[in-house]
Amino acid sequence: QVQLVESGGGLVRPGGSLRLSCAASVNMFSIYAVGWYRQAPGKQREVVAAATSGGTPNYADSVKGRFTISRDNAKNTVYLQMNTLKPEDTAVYYCTIRVFGLHYWGQGTQVTVSS
């Protein structure tokens, strides 16, 4: 059974930074596409950042220049570095991995940006 375990969420002030981590219990992690989504209260889930295996990452316009997705294939882990956080970044963040039509999701981690 595939499990994605997220960590790193929390409360941060505007302008601050957080790094989310997501560890995946899969073999051959390097072939998976990875991504981060978020869902704010009353809004639909939206993609924040995504990257195919070895590909160039793509970002939502709202986070370009502030967020960075990366991966460590040796640790089966995907990261989301979030800088210059804004109150509108407040949401539950979900990591996801995908390969051959199979799509797996983490349980979500809350990020709250507030003074």
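Rules used throughout
Residues numbered from 1 in each chain as written. Predicted model: local features only at pLDDT ≥ 70, side-chain atom pairs only at ≥ 80, totals over all residues. Heavy atoms only, no water. Helix = DSSP H or I, 4+ residues; strand = E, 2+ residues; numbered from the N terminus. Rg over C-alpha atoms; globule rule 2.2 N^0.38 Å. Buried < 20%, exposed > 50% of the residue type's maximum accessible area, 1.4 Å probe, protein only. Contact = heavy atoms within 4.5 Å. Areas by Shrake-Rupley, 256 points an atom, 1.4 Å probe, with all protein chains shown as cover. Lys, Arg positive; Asp, Glu negative; His and termini not counted. Charge placed at Lys NZ, Arg CZ, Asp CG, Glu CD. Pairing = 2+ DSSP bridges. Salt bridge = Lys/Arg side-chain N within 4 Å of Asp/Glu carboxyl O.

(A) Quick peek at the overall build of the protein chain. Scanning the protein chain from terminus to terminus reveals 0 helices and 11 strands. What you see in the protein chain, going N to C, is helices and strands ordered as β-β-β-β-β-β-β-β-β-β-β. Radius of gyration (C-alpha) of the protein chain: 13 Å, near the 13 Å computed for a compact globule of 115 residues. Looking at the 115 residues of the protein chain, the share that counts as buried comes to 40%. Taking the contacts inside the protein chain whose residues are at least 6 apart along the sequence as the reference set, 53% of them involve residues at least 24 apart. With the model as given, the accessible surface of the protein chain reaches about 6300 Å², and the carbon-plus-sulfur share is 49%. Of note, the protein chain has its 11 positive side-chain charges centred 2 Å away from the centre of its 6 negative side-chain charges.

(B) Looking closely at the pairing of strand β9 (residues 91-99). The element β9 is largely enclosed, with a buried count of 7 among its 9 residues. Pairing of β9 with strand β11 (residues 109-113) involves 3 bridges; the strand directions are antiparallel. Across the sheet, V92 pairs through a bridge with Q110, a residue of β11. Sheet analysis places β9 next to strand β10 (residues 102-105), joined by 4 bridges and oriented antiparallel. Bridge pairing links V99 to L102 in β10. The hairpin formed by β9 and β10 contains 2 residues between the paired strands, and F100 there has a positive phi angle of roughly 50°.

(C) View of the pairing of strand β1 (residues 4-7). Judged by which residues are buried, β1 turns out to be one-sided: L4 and E6 face inward and are buried, whereas V5 and S7, on the alternate face, are not. Alignment of β1 against strand β3 (residues 18-24), held across 4 bridges, turns out to be antiparallel. Residue pairing in the sheet places V5 in a bridge with A23 of β3.

(D) Broad picture of the pattern of salt bridges. Under the defined criterion, the tally for this structure stands at 4 salt bridges. Among the ionic pairs, D89 bridges to R38, the shortest N-O distance being 3.0 Å. Note that D89 is positioned in the loop between β8 (77-82) and β9 and R38 in strand β4 (residues 33-39), a separation of 51 residues in sequence. Overall, the relative accessible area of 1% leaves D89 in the buried class. Residue class for R38 comes out buried when judged on its relative accessible area of 6%. In this structure, D61 engages K64 in a salt bridge whose closest nitrogen and oxygen atoms are separated by 3.1 Å. Exposure remark for D61: the relative accessible area of 65% places this residue in the exposed category. Connected through salt bridges with shared partners, the residues R38, E46, R66 and D89 form a single ionic network.

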